[in-house]
Amino acid sequence: MEFETISRLLIFSAIVVYALAFVIYAFDIVSHGSSAKAAPARANRRELVTAGADAAGGQSQNVSADESTPVISQAAPANAPRRKRRNWLRAGFSITVIGWVLHVAGTVLRGVAAERVPWANMYEFALTGIALAVGVFVFAQLWRDVRFLGVYIMGMATLFLGGAASNYYVEITPLPPALQSPWLVIHVFVATLACGFLAISSGLSIVQLIRQRAKRSGFIASLPNADSLENTSYRLAVVGFILWTFTLMAGAIWAHAAWGRYWGWDTKEVWTFIIWVVYAGYLHARATRGWRGTASAVLNLIGFAAILFNFVIVNTYFTGLHAYSGL
Amino acid sequence: MSRPSSNADPLRPDDFVDAESAKRPAPAPKNPELGFMGWVRFVWRQLTSMRTAIVLLIMLAMAAIPGSLVPQESSDPNGVIQVREENPGLLWFYDAFQLHHVFESYWFSAIYLLLFISLIGCILPRTKHHLKALRTPPPKIPARLSRLKGYTVVPGDADDVDRAQKTLKKLGYRTRLYEGGVSAERGYLRETGNLVFHVAMLVLLVAVAVGGSLGYKGQRLVFEGYSYANTLSSWDLFQPGRFFSADSLPDFSLTLNELDVVYEMENKEAFGQPTDFTGYVTVTDEDGSHDEIIKVNQPLNVQGADLFLLSNGYAPVVTVRDDAGEVVFQEPVPFLSQDEMNTSLGVIKLPDGLDEQVGMRGFFYPSAVPLDTGAYASGYPDLWNPLMTMQVYTGDLGLDDGAPSNVYVLDTDGMTQVAGGDSDTASLELAIGETAELPDGLGTISLDEVVRYAVIDIQSDPMNKTVLVTAIVLITGLITALLVPRRRVWVKVTPKGLEVAGLARGEDPTLEKAVEDVADRLREGSADQADAPDSPKDDS
Ligand code: HEM
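About the criteria used
Residues numbered from 1 in each chain as written. Chains lettered and ligands numbered in written order. Predicted model: local features only at pLDDT ≥ 70, side-chain atom pairs only at ≥ 80, totals over all residues. Heavy atoms only, no water. Donors = N, O, S within 2.8 Å, 3.2 Å for Na, K, Ca; no water. Tetrahedral: all angles 85-135°; square planar, octahedral: opposite > 155°, others 65-115°. Helix = DSSP H or I, 4+ residues; strand = E, 2+ residues; numbered from the N terminus. Domains from an automatic or database assignment. Contact = heavy atoms within 4.5 Å. Buried area = accessible area lost by both parts, 1.4 Å probe. Salt bridge = Lys/Arg side-chain N within 4 Å of Asp/Glu carboxyl O. Polar contact = N/O pair within 3.5 Å; in protein donor to acceptor, adjacent residues only side chain to side chain. Nonpolar A, V, L, I, M, F, W, Y, C, P; charged D, E, K, R; others polar. Pairing = 2+ DSSP bridges. Axes fitted to C-alpha atoms, helices over the stretch in contact; angles between N-to-C directions. UniProt positions renumbered as here; feature names shortened; annotations may be inferred. Near = heavy atom within 4 Å.

Turning next to the coordination of the iron atom of the ligand. Of the protein atoms, only His284(A) (NE2) and His198(B) (NE2) coordinate the iron atom of the ligand, at distances of 1.9 Å. Taken together, the six donor atoms coordinating the iron atom of the ligand span angles of 81 to 178 degrees at the metal, a pattern that classifies the geometry as octahedral. Taken together, the positions of His284(A) in helix H11 (residues 267–286) and His198(B) in helix H8 (residues 188–214) put the pair across two chains.

Here it is as structure tokens:
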């Protein structure tokens, strides 16, 4: 079989597996809502402690939720629903990882088949971008328990990967001269990685907003508190913002070589700028009295909405020099 | 007050989260008796508040949106023409709001100028304060450490204070001994980075503006085998910056020896897609003549000016003779490519030399394939079977009134078609080396050969390097500002032992770990000392 055929098969399998993970995460939420009302929000406290820990912190990692599961179940037989819930989450996360491995393999094989990096048209941008977003989600798990975002991340991954595989698919074509540059590898990769971080950050902001409003019901009460969600979200957004700033600059350097000017307000450049400015607003809001919490979370979501708009709408419906969608 | 403070804290706008002034009453003018200066101060305070900065940033983002919805003169001039033709009723609207020049418009400029004024108003006091903070020792030890982050007690007494200070110093803290303990602070770089970042944005804006006004941009079409000198008059299009002086044009001439284009032939999905453009040129300047290459993504720098290869096409070399056989026209004629297979459209205007003014308009097919309709199409973008077809018009070319005319457009209003279309004569068809009779015994036209042309853009921006360096400084400042934690740590002697605790200054997720680390080191240190009472003396 050709690499490209295998790649497609892997991507379709990844979509199915992601969808399955989505269902399991969703089931976790539903079942929690019905069965775990009695369970005290004990996980919360642990979440708070971990929230204070270093990203690379050794100790807190070891106490990650998985290993603490037996402790919880031993301690309290009355907590049976809670254990079941843990199992659902674990299953969801394992399946996410399986889907991700298939997805990454499919993306890499696409690159192997094309004999270049797999990010030269919309289909490939989507493959790589979603793989990075799910990757950030998976690796963030080493740092914080963010599995409650599974529904959001898997929902988006299934939707976008499915959409890309069915609507954006194009055969492999060689790179047009304007894309033949080391900057393709750097600029596009960093941009998609930035989007991955910002995607997870936006998910946390959504949960934060929900958490602030509905404090009592079962599943929501089991989530980390709004402050800790906001802090985690902020930290991911900071990394995303730095990467996005780099994207903007690398893009300008590349534009100078490819188009003869470093900044020309091409539609894609306009949107890169808009996104950057919105996130700068978000960072300020985080540092401003009266804007922390809801207002800054909303700005974070507007920023991510602008990213999605930039990818889906600007790439397909707007004209400009960045006409590499390959559609 | 639970948090210790000193007047050396970075001065932030009033509404900054950690602002010292958080508890002060809001400074609002209560009545007009405040006086002129009072109002000025009030407005300035408002303008330089964080809230205003956020609002202006949001406004800036929103103001940029129309710049992507409406075609811009600078990035998409053809789109502008098209939109204006399609919406004649809206022209007043586009013009009143400068919607084709969003990024130079008065409203967009107003927003970013306000933002930058606000920024300056923000940076100045903070810089002053930060410079002072850099010279100020860490503040006194708060009365009750137990309320602070990471509070721990480790064994030790007054004799361990020196050791504690050394430990903190080793960890990069600036320290100061106080009665009964050590006060330490680190992470001044965070504020430095923040200030560097904000200043760099100002510098960047200025550098971009200055570069634009000193530099220039130009464009010129060059045929294979032809040369041109870099003089003002040799450019087809020239856009000088406001303060450009013609002296800054470097003195060189350039010959395009060959434009090599490679097309994809193997991959059926991309059949005919260009995969490489390489311009082989000879540059003659003060260093003599040297051969160079220009490619897409690989501009050629000649004496500080960058030359770019941006587009290209075919130019049939056409000779027209009058009825007596005298040559009246012999030039390459640039044709504009219309599709992927380089079906190209071109125009020849002959105002003089023939009995009548003659205009020709036609297609060039690099690989002509006859269609069922009798017309042609191009089946491949390279020169496999070149063919030129021409419709011929006679009459008034409309060039005499001196109005500038587009060389790619033939205005046939005052002309009669004499070949092609509904006229009695068929369109002229010419392969390379062929000659055809013009109708009405006007003369002949021959297609001698076909060369390629390249459109070369020249650009010089004396601030390019400055902009790049500033951008690097900017992102370095940003990373420092966002990732370096700033914190204070105190070690205090109490009867229980040494109390250790910390206080975050700004975002600091790792504070507790850091305090724990200090405490661990103190514990280890005291264990070592217990093992080896003769441990080396203070060597500072
Ligand atoms: C020109 C537009 C501006 C942009 C793009 C911008 C961008 C940023 C960014 C990205 C940060 C995060 C870095 C950090 O937290 O240290 C930041 C922080 C900050 N900015 Fe701005 N800024 C702008 C204008 C302003 C203005 C006008 C003010 C004053 C009102 C201001 C005051 C601050 C302050 C006090 C911080 C520190 C926040 C913190 O410590 O968390 N900025 N700015």
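Moving on: the domain arrangement of chain A. Residues and elements named next belong to chain A. Split by domain assignment, chain A resolves into domain 1 (1–32 + 83–175) and domain 2 (178–326). Between the C-alpha centres of domain 1 and domain 2 there is a distance of 20 Å. Contact residues are listed per partner, giving 27 residues for domain 1 and 35 residues for domain 2. Taken together, both faces of the contact between domain 1 and domain 2 bury some 2,800 Å²; the carbon and sulfur share is 81%. In this assembly, domain 1 and domain 2 are joined by zero salt bridges. Summed over the shared surface of domain 1 and domain 2, the result is four residue pairs in polar contact (both at pLDDT 80 or more). Counting only elements with at least two residues in the side of domain 1 that touches domain 2, the list comes to helix H1 (3–35), helix H6 (122–140) and helix H7 (150–168). Take the side of domain 1 that touches domain 2: its biggest share by element is eight residues, from H6. Among the residues making up the side of domain 1 that touches domain 2, the classes are represented as 21 nonpolar, three polar and three charged.

All names here are of chain B. Taking strand neighbours across the sheet as the criterion, the four strands line up as E5-E7-E8-E9 in an open arrangement whose pairing is antiparallel. Looking at the sheet topology across the chains shown, the edges are occupied by strand E5 (227–229) and strand E9 (288–295). For this sheet the average axis-to-axis angle between neighbouring strands, irrespective of direction, equals 25 degrees. Where strand E8 (residues 274–285) lies against E9, eight bridges are found, and the strand directions are antiparallel. Of the residues in E9, the one forming a bridge with Thr-278 is Lys-295.

Next up on the list: the side chain of Ser296(A). All names here are of chain A. Considering the arrangement of structural elements, one finds Ser-296 in helix H12 (residues 294–317). There is a polar contact of 3.2 Å between the side chain of Ser-296 and the backbone oxygen of Gly-293. Leave out the neighbours within four places in its chain, and Ser-296 touches Glu-230, Tyr-282, Ala-285, Arg-286 and Trp-291.

Residue and element names in this part refer to chain B. Per the UniProt annotation, the sites labelled "transmembrane region" (unreviewed entry) are residues 52–70, 106–125, 195–216 and 466–484. Along residues 106–125, the helical share is 100% and the strand share 0%, with 29 Å between the first and last C-alpha atoms. Secondary structure content for residues 466–484 is 95% helix and 0% strand, and the end C-alpha separation is 26 Å.

What surrounds the ligand is a group of 25 residues, the closest being His284(A), Ser118(B), Cys122(B), Asn194(B) and His198(B). Neighbouring residues of the ligand are distributed over chains A and B. One nitrogen or oxygen atom from the side chain of His284(A) is found 2.5 Å from a nitrogen atom belonging to the ligand. Taken together, the elements giving at least two residues each to the shell around the ligand come down to H11 of chain A together with helix H2 (50–64), helix H6 (106–135), H8 and helix H9 (464–483) of chain B. With five residues, H6(B) is the single largest residue contributor to the shell around the ligand.

With that settled, consider the sheet that holds strand E2 (residues 174–178) of chain B. Residues and elements named next belong to chain B. Strand order in the open sheet made by the five strands is E1-E24-E23-E3-E2, with antiparallel pairing throughout. Both outer strands of the open sheet, strand E1 (149–154) and E2, are each paired with one neighbouring strand and no more. Each neighbouring strand pair of the sheet contributes to a mean axis angle of 15 degrees, computed without reference to strand direction. Across the sheet, helix H7 (residues 161–170) lies against E2, strand E3 (181–186) and strand E23 (487–494), angled at about 165 degrees from E2, the strand it touches most.

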